[in-house]
Amino acid sequence: MKKIVLAFDGSTHALNAVNEAKKLMQGFPGSSVTILEVLDIAKAKDQVLDLSEDYEERKAVRIDEVKQQLIGLLDTFEISILIGDPASEIIQHVKKNDYDLLIMGSRGLNLLQEFVMGSVSHKVMKYVSIPVLIVK
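Residues numbered from 1 in each chain as written. Predicted model: local features only at pLDDT ≥ 70, side-chain atom pairs only at ≥ 80, totals over all residues. Heavy atoms only, no water.

What is the right way to look at helix α4 (residues 86–96) in this model?
An α-helix turns once every 3.6 residues. As a result, residues three or four positions apart point the same way. Looking only at α4, the buried set comprises Pro 86, Ala 87, Ile 90, Ile 91, His 93 and Val 94. For α4, the angular spread of the buried residues around the axis is 165°, confining them to a single face. Exposed side chains of α4 directed beyond 90 degrees from the buried face belong to Lys 95 and Lys 96. The secondary structure elements touched by the buried residues of α4 are β1 (3–7), β2 (32–40), β3 (78–84), β4 (101–105) and α6 (120–127). (Buried < 20%, exposed > 50% of the residue type's maximum accessible area, 1.4 Å probe, protein only. Helix = DSSP H or I, 4+ residues; strand = E, 2+ residues; numbered from the N terminus. Arc of directions from axis to C-beta. Contact = heavy atoms within 4.5 Å.)

Even after reading the chapter, I still don't get the packing of aromatic side chains, so can you show me in this structure?
In this description, a pair of aromatic rings is defined by centroid distance and the angle of the planes. With the rule as written, the count across this model stands at zero aromatic pairs. Lying across the ring of Tyr 99, Lys 3 places its NZ or CZ 5.1 Å from the centre. (Phe/Tyr/Trp six-rings, centres within 6.5 Å; stacked < 30°, edge-to-face > 60°. Lys NZ or Arg CZ within 6 Å of the ring centre and 35° of its normal.)

Could you clarify how one ought to interpret the sheet that holds β1 in this entry?
Sheet strands pair via backbone hydrogen bonds, and the direction of the pair is either parallel or antiparallel. An order of β3-β2-β1-β4-β5 is seen for the five strands of this open sheet, with the pairing classed as parallel. Edge positions in the sheet fall to β3 and β5 (132–135), since each has one partner strand and no second. This sheet shows a mean twist of 20° between the axes of neighbouring strands, independent of strand direction. Sheet topology places β4 next to β5; four bridges connect them, and they run parallel. Following the sheet pairing, Ile 103 is matched in β5 by Leu 133. Set on the sheet, helix α1 (residues 12–27) makes contact with β1, β2, β4 and β5; between it and β4 the angle comes to about 145°. (Pairing = 2+ DSSP bridges. Axes fitted to C-alpha atoms, helices over the stretch in contact; angles between N-to-C directions.)

Set out below in structure tokens:
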């Protein structure tokens, strides 16, 4: 196992998934982890209206925030931030890249959306062809 992608939204389950990635990296030295965060399109629309910062500046700020959350949890990782529907973006990103494993939390930050529309993890698991580790 050389390439791991970890879907991250800052939720408790996502932080638990980071801990599982760390354990896996100990068992597979030399593996790389990409942290993938998808900014929900509904929230992104609000950000587009905010003209005080351009997209690249907002993205850089969010990358710094994610790095701060992961200090002490993971030593090395890359961060990729996308905008759109979380399930769709994760599925497309995994299909376009050569990952060996996807790790994600079982529940994200938006419990209402999960209840009404079905969970992101369930949708992703259904449509990706690589192994998926879902963490509580």
